[in-house]
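Chains, contacts and geometry: an overview
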Amino acid sequence: DAMVIQNPRYQVTQFGKPVTLSCSQTLNHNVMYWYQQKSSQAPKLLFHYYDKDFNNEADTPDNFQSRRPNTSFCFLDIRSPGLGDAAMYLCATSRDKGTGSYEQYFGPGTRLTVT
Amino acid sequence: AQSVTQLGSHVSVSEGALVLLRCNYSSSVPPYLFWYVQYPNQGLQLLLKYTSAATLVKGINGFEAEFKKSETSFHLTKPSAHMSDAAEYFCAVRGNTGFQKLVFGTGTRLLVSP
């Protein structure tokens, strides 16, 4: 089945220690998104890639970076995690070419704990 | 700019009762509307979407929603709640011209009691 895969599902890192979360997709969608979701809140968009073009949200801290080496993979790098960065990180994809409703497909998420 | 408002952060129903989760949108043009469900420690799963083809939209797991332009609403309903419906539900809106991001509501947690 075509899907969005996130690894690992659970990640524990130390305060200030860089961490990378990964996302892959078999949907061949051209847009990939990273969201941060804290407890009992809606997902908050951090950035997205439209094809190879990176689009950062205005309020995303510089501590968060992303890479998309090819259509299928996208990475979220947190350079110096703080306790406030503990959250669920969701990757999503959508097909955004021509006409269509462009719904987003979400991965299962990575739960990040910062100790 | 589009926005959605979900009334009620928590809704409690008994098993077998009607489920009604409310969503009102704000948009200057007819938008695309979505309902997503999220189970604990999972990603979001699309329940249904409105794309102007039909005002009554049927989704998965027995859910449906009706787009009412006059009321700017897109409420989610299910005739008979099941224990497995207990989850967080998010309404989301997207403009229908060009590339636009999803704007989520704050979510409604559905609690189902035996």
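Residues numbered from 1 in each chain as written. Chains lettered and ligands numbered in written order. Predicted model: local features only at pLDDT ≥ 70, side-chain atom pairs only at ≥ 80, totals over all residues. Heavy atoms only, no water.

Observations concerning the overall build of chain B
Selection rule: The helix and strand labels rest on DSSP assignments: H or I over at least four residues marks a helix, E over at least two residues marks a strand, and numbering proceeds from the N terminus. A 1.4 Å probe rolled over the protein chains alone gives each residue an accessible area, and that area as a share of the maximum for its type sets the label: buried under 20%, exposed over 50%, partly exposed in between. Contacts between residues were defined by any pair of non-hydrogen atoms, one from each residue, lying within 4.5 Å. Counted as positive: Lys and Arg. Counted as negative: Asp and Glu, with His and the chain ends omitted from the count. By convention, charge coordinates are those of NZ in Lys, CZ in Arg, CG in Asp, or CD in Glu.
If you tally the helices and strands in chain B, you get 0 helices and 11 strands. Taken from the N to the C terminus, the helices and strands of chain B come in the order β-β-β-β-β-β-β-β-β-β-β. Taking the principal axes of its C-alpha atoms as reference, chain B extends roughly 45 × 30 × 20 Å. Counting over 114 residues, chain B shows a buried share of 44%. Considering only contacts within chain B whose residues lie at least 6 apart along the sequence, 56% involve residues at least 24 apart. Distance between charge centres in chain B, computed from 9 positive and 6 negative side chains, equals 10 Å.

Examining the pattern of salt bridges
For the record, the criterion: Salt bridge criterion: a side-chain nitrogen from Lys or Arg within 4 Å of a carboxyl oxygen from Asp or Glu.
Tallied over the full model, the rule gives 8 salt bridges over all chains. Across the pair A:Lys44 and A:Asp59 runs a salt bridge, and its minimum N-O distance is 3.4 Å. Here the residue A:Lys44 occupies a position in strand 5 (residues 44-50), and A:Asp59 occupies one in the loop between strand 6 (53-56) and strand 7 (64-67), the gap between them amounting to 15 residues. When the shortest N-O distance is used, the salt bridge between B:Arg94 and A:Asp96 registers 2.8 Å. Placement of B:Arg94 in strand 9 (residues 87-94) and of A:Asp96 in the loop between strand 9 (87-94) and strand 10 (105-106) is noted, with the two residues assigned to different chains. Take B:Arg94: its relative accessible area is 2%, and that puts it in the buried class.

Here's the deal with the sheet that holds strand 6 (residues 56-58) of chain B
Residue and element names in this part refer to chain B. Quick reminder of the rule: Being paired, for any two strands, means DSSP has found at least two bridges between them. In this analysis an axis means a line fitted to C-alpha atoms, helices contributing only their contacting stretch, and an angle means the value between N-to-C directions, from 0 to 180 degrees.
The strand order across the open sheet built from 5 strands is 1-3-8-7-6, with neighbouring strands paired in antiparallel fashion. The open sheet terminates on both sides in strands that have one partner only, identified here as strand 1 (3-7) and strand 6. Between one strand axis and the next, the sheet turns through 20° on average, direction left out of account. As judged from the 5 bridges shared by strand 7 (residues 64-68) and strand 8 (residues 73-78), these two strands associate in the antiparallel manner. Each bridged residue has a counterpart across the sheet, and for Phe-67 the counterpart in strand 8 is Phe-74.

Examining the sheet that holds strand 7 of chain A
Residue and element names in this part refer to chain A. The 4 strands lie next to each other as 1-3-8-7, forming an open sheet whose pairing is antiparallel. Pairing within the sheet leaves two strands with one partner each, and these edge strands are strand 1 (4-7) and strand 7. On average, each strand axis in the sheet is tilted by 20° relative to the strand beside it, whichever way the strands run. Taken together, the 4 bridges between strand 1 and strand 3 (residues 19-25) define a ladder with antiparallel strand orientation. The partner of Asn-7 across the bridge, within strand 3, is Ser-22.

Topic: the interface of chain A and chain B
To keep things clear, this is the line we draw: Buried area: the sum, over both parts, of the accessible surface (1.4 Å probe) that disappears when the two are put together. Definition of a polar contact: a pair of N or O atoms within 3.5 Å, with one able to donate and the other able to accept a hydrogen when the atoms are protein atoms, and with sequence-neighbouring residues admitted only if both atoms are side-chain atoms. Asp, Glu, Lys and Arg are counted as charged, while Ala, Val, Leu, Ile, Met, Phe, Trp, Tyr, Cys and Pro are counted as nonpolar; the rest, among them Gly, fall into the polar class.
Contact with chain A, which involves 25 residues of that partner, is made by 20 residues of chain B. Together chain A and chain B conceal approximately 1800 Å² of surface at their shared face, both sides included; 55% is due to carbon and sulfur atoms. Where chain A meets chain B, there are 3 salt bridges. Our count for the contact surface shared by chain A and chain B stands at 8 residue pairs in polar contact (both at pLDDT 80 or more). Secondary-structure elements contributing two or more residues to the side of chain A that touches chain B are strand 4 (31-37), strand 5 and strand 9 of chain A. Broken down by element, the residue count for the side of chain A that touches chain B peaks at 4 residues, all from strand 4 of chain A. Classifying every residue of the side of chain A that touches chain B gives 13 nonpolar, 7 polar and 5 charged.

Everything listed is a geometric property; what it means functionally is a separate question.
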